[in-house]
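Spelled out from the first residue to the last, the chains are:
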Amino acid sequence: MTYLIRNFDAQRDHEAALSFIMGSQAYEAQVEPNRRLDPSVATDFLPLLMQEVAQKRGLVLVAESDGHAVGWAVMTEEDLPIFVTLTERHYCYIGELFVAEKMRGHGIGRALMAACEEEARARGIGQIMIGVLTASERTHEIYKRAGYAPYASELRKYL
């Protein structure tokens, strides 16, 4: 299995980006019932995501195999609240990471994460974070094997 990691091309990768958003929604809906699965969620979310990438010195990477986009990672620069030490405050955040189901298990997700980490280092940023749904045990394990450790946890109560 050969693949390459490259920069996102908004025109060339538009349809793939929509499919990655829908794929993430479907994957997360298995453990989180609040995920929208209507076809317009991708067309609603993609412009907002690209706006956030532009505003937060973001980066969108695509994994490509045999000329087809098979996954992506979306990273932005963020800041923790003022009560965090200045040296620890600025960080990169991987807000989207998706690999097409048929391509999973080949190291593509790890390669996308590693490329984001490399970019963060090149920017002089010393930490990177990624979100994961608490109930998604498989994803937790994948991220832990990649060297990520729990940092904070949010709790929810339905009223």
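A short tour of the structure in this document, coming up. Bear in mind that the values here come from a model prediction, so they are computed numbers and not experimental data.

## Observations concerning the overall build of the chain
Piece 1. A count of helices and strands for the chain gives five helices and five strands.
Piece 2. Ordered by position in the sequence, the α and β elements of the chain form the string β-α-α-β-β-α-β-α-β-α.
Piece 3. Dimensions along the principal axes, computed over C-alpha positions, put the chain at roughly 45 × 45 × 30 Å.
Piece 4. A buried classification covers 40% of the 159 residues belonging to the chain.
Piece 5. With the model as given, the accessible surface of the chain reaches about 10000 Å², and the carbon-plus-sulfur share is 53%.

## Examining the packing of aromatic side chains
Each aromatic ring pair is described using two quantities: the centre-to-centre distance and the angle formed by the ring planes.
Piece 1. Using the criterion set out here, one finds four aromatic pairs in the structure.
Piece 2. Taking the centre distance of 5.7 Å and the plane angle of 50° together, the rings of Phe20 and Trp72 count as tilted. With Phe20 in helix α1 (residues 14-29) and Trp72 in strand β3 (residues 68-79), the pair connects residues that are 52 residues apart, well separated along the chain.
Piece 3. Arranged with centres 6.4 Å apart and planes meeting at 55°, the rings of Tyr143 and Tyr148 form a pair that is tilted.
Piece 4. Looking at Tyr143, the relative accessible area reads 10%, which means it is buried.
Piece 5. Its relative accessible area of 13% is what places Tyr148 among the buried residues.

## Quick look at the nonpolar core
Piece 1. Grouped together as the largest cluster of nonpolar side chains are 22 residues, with contacts concentrated most on Ile94, Ile108, Leu112, Cys116, Ile128 and Tyr148.
Piece 2. Of all the elements, helix α4 (residues 108-122) adds the most residues to this core, at six residues.
Piece 3. Residues within four places of Ile94 in sequence aside, it is in contact with Val74, Met75, Met113, Cys116, Ile128, Met129, Ile130, Gly131 and Tyr148.
Piece 4. Counting 15 residues, the second largest nonpolar core, distinct from the first, contains Leu18, Ala42, Val60 and Phe98.

The rules behind these values
- Residues numbered from 1 in each chain as written.
- Predicted model: local features only at pLDDT ≥ 70, side-chain atom pairs only at ≥ 80, totals over all residues.
- Heavy atoms only, no water.
- Helix = DSSP H or I, 4+ residues; strand = E, 2+ residues; numbered from the N terminus.
- Buried < 20%, exposed > 50% of the residue type's maximum accessible area, 1.4 Å probe, protein only.
- Areas by Shrake-Rupley, 256 points an atom, 1.4 Å probe, with all protein chains shown as cover.
- Phe/Tyr/Trp six-rings, centres within 6.5 Å; stacked < 30°, edge-to-face > 60°.
- Core = buried A, V, L, I, M, F, W, Y, C linked by side-chain atoms within 4.5 Å.
- Contact = heavy atoms within 4.5 Å.

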